[in-house]
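Observations on the model geometry
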Amino acid sequence: MHEHWMRQAILMGYTGYTAPNPMVGCAIVRDDKLIALGSHEFAGGAHAEIDALAKAGQAAQGSDVYVTLEPCAHHGRTQPCADALITAEVARVFVAVKDPGKGAGGIAHLRAAGIEVHVGLLAEQAEAMNAVWLHQFRAGRPFVTLKVAMTVDGRIGPGIITNEASRMAGRKFRAQHGAVLVGTDTALQDNPELTVRDVVLPEPPIRIVLDPQRRLPGDLKIFSDGVAPTWRVVADESAQEGDIPIALIDGKLDLSAVLAELTKAGVPGVLVEGGSKTHAEFIRQGLVDRLDLFIAPNCTGEGPRWEPGRLGGNLVLESRFELENVEAGSTSPDVWLRYAVGR
């Protein structure tokens, strides 16, 4: 039954819009009966353990607690979760994944207080949930996902391609990464908002537009609506006050330098929404970790194609761009496919 309860905790973790924090879920169980479920809903909000303990009340005493990430032991915007579990006098804590960041230390703190702790239960599934957040500690840069909405015949425009369910899923991906990025052409043609919209977040994802020659007008929504921070990334020689200046390498923005700026800002990942030229540049510079495809069941026969293997008519891939399917689903009637990128 231990795996069953950890799965419940993992499912709860997926409900949060938490970047730059990790997604975390918690289940409190006593006498093999569920007492409470908790989740970390958004950055700055109650952590999953605190949420679950508040719901459980006195019934948490002597319980088993299943949590997807090591309970924190530090004082941040919320109290240490390890202390809260000790105060609640829980009997055992099952942890899926150790915290590689500033929250580490909770396991040792719990054990020092005499609480039995087990580590590693369904670790692979819990790590998959926080692939974006964990990547920054392992790779030293933000996690990069290319997100594509396309027709069956590979068209990515003009206009809206996928249904509302697919678009809602894409907006949640923005919140899970902490930043969303487009190129100059997409910003000009679509005038996108690049916001989450489905929930009000105290820390909405940073909107990034690659505008090396600084040719985008200031009345675009991302510059004028004031609902989320926007970075205009420009070439060094074109930078004005408030811009993010980045060096050009062979006439192209150094995207590693863009990711380095995100690392400084504490952003764990970036969802790259297009268009094809921007996707091609991330691929060419070897900076892609995942590909999310939303495919609508129609053929338009016209409009731009998604051709990330080419840039200006030339191949940008010097070797095979290998994909491993890690997840698939339906935002009916659309199809969603997720691939891990190998090299």
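These notes cover the structure that comes with them.

Criteria and cut-off values
Residues numbered from 1 in each chain as written. Predicted model: local features only at pLDDT ≥ 70, side-chain atom pairs only at ≥ 80, totals over all residues. Heavy atoms only, no water. Helix = DSSP H or I, 4+ residues; strand = E, 2+ residues; numbered from the N terminus. Contact = heavy atoms within 4.5 Å. 1 Å grid on protein atoms, 1.4 Å probe; cavity = no way out; pocket = protein on both sides within 12 Å on 5 of 7 lines; lining within 4 Å. Points joined across faces, edges and corners; volume = space filled by probe spheres on them. Nonpolar A, V, L, I, M, F, W, Y, C, P; charged D, E, K, R; others polar. Expected span 1.5 Å × (residues − 1). Buried < 20%, exposed > 50% of the residue type's maximum accessible area, 1.4 Å probe, protein only. Arc of directions from axis to C-beta.

Here we come to the environment of L210. Within the element layout of this structure, L210 appears in strand β8 (residues 206-210). Filtering out sequence-adjacent residues up to four positions away, L210 remains in contact with L181, V182, G183, T184, V233, L253, L255 and T278.

Over the atoms, a rolled probe matching the size of one water molecule traces out where space is still vacant. Empty space within the second largest pocket amounts to approximately 680 Å³. Along the walls of the second largest pocket sit 32 residues, with A128, M129, A131, R290 and R338 positioned nearest its centre. The set of elements that each furnish at least two residues to the lining of the second largest pocket consists of α5 (123-129), α6 (131-139), α7 (164-177), β17 (322-331) and β18 (334-342). Ranked by the residues each element gives to the lining of the second largest pocket, the list is headed by α6, at seven residues. Grouping the constituent residues of the lining of the second largest pocket by class yields 18 nonpolar, five polar and nine charged.

Before going further, it helps to examine helix α1 (residues 2-13). For α1, which comprises twelve residues, the first-to-last C-alpha distance of 17 Å matches the rise-based estimate of 16 Å (1.5 Å per residue) to within 8%. If you check which residues of α1 are buried, you get W5, M6, A9, I10, M12 and G13. Each buried residue of α1 lies within a common arc of 160° when the element is viewed along its axis, so the set occupies one face. Its buried side turned inward, α1 meets β1 (25-30), β2 (33-39), β3 (64-69), β4 (92-97) and α5.

Attention shifts here to unusual backbone geometry. Here the bond from A19 into P20 is cis, since omega is 10°, no more than 30 degrees from zero. Counting through the fold element by element, P20 comes out in the loop between α1 and β1. Although it is not a glycine, L122 adopts a positive phi angle of roughly 55°. Following the sequence through the fold, L122 ends up in the loop between β5 (116-119) and α5. With a phi angle near 70°, R197 is a residue other than glycine that sits in the positive phi range. Relative to the helices and strands, R197 resides in the loop between α8 (184-190) and β8.

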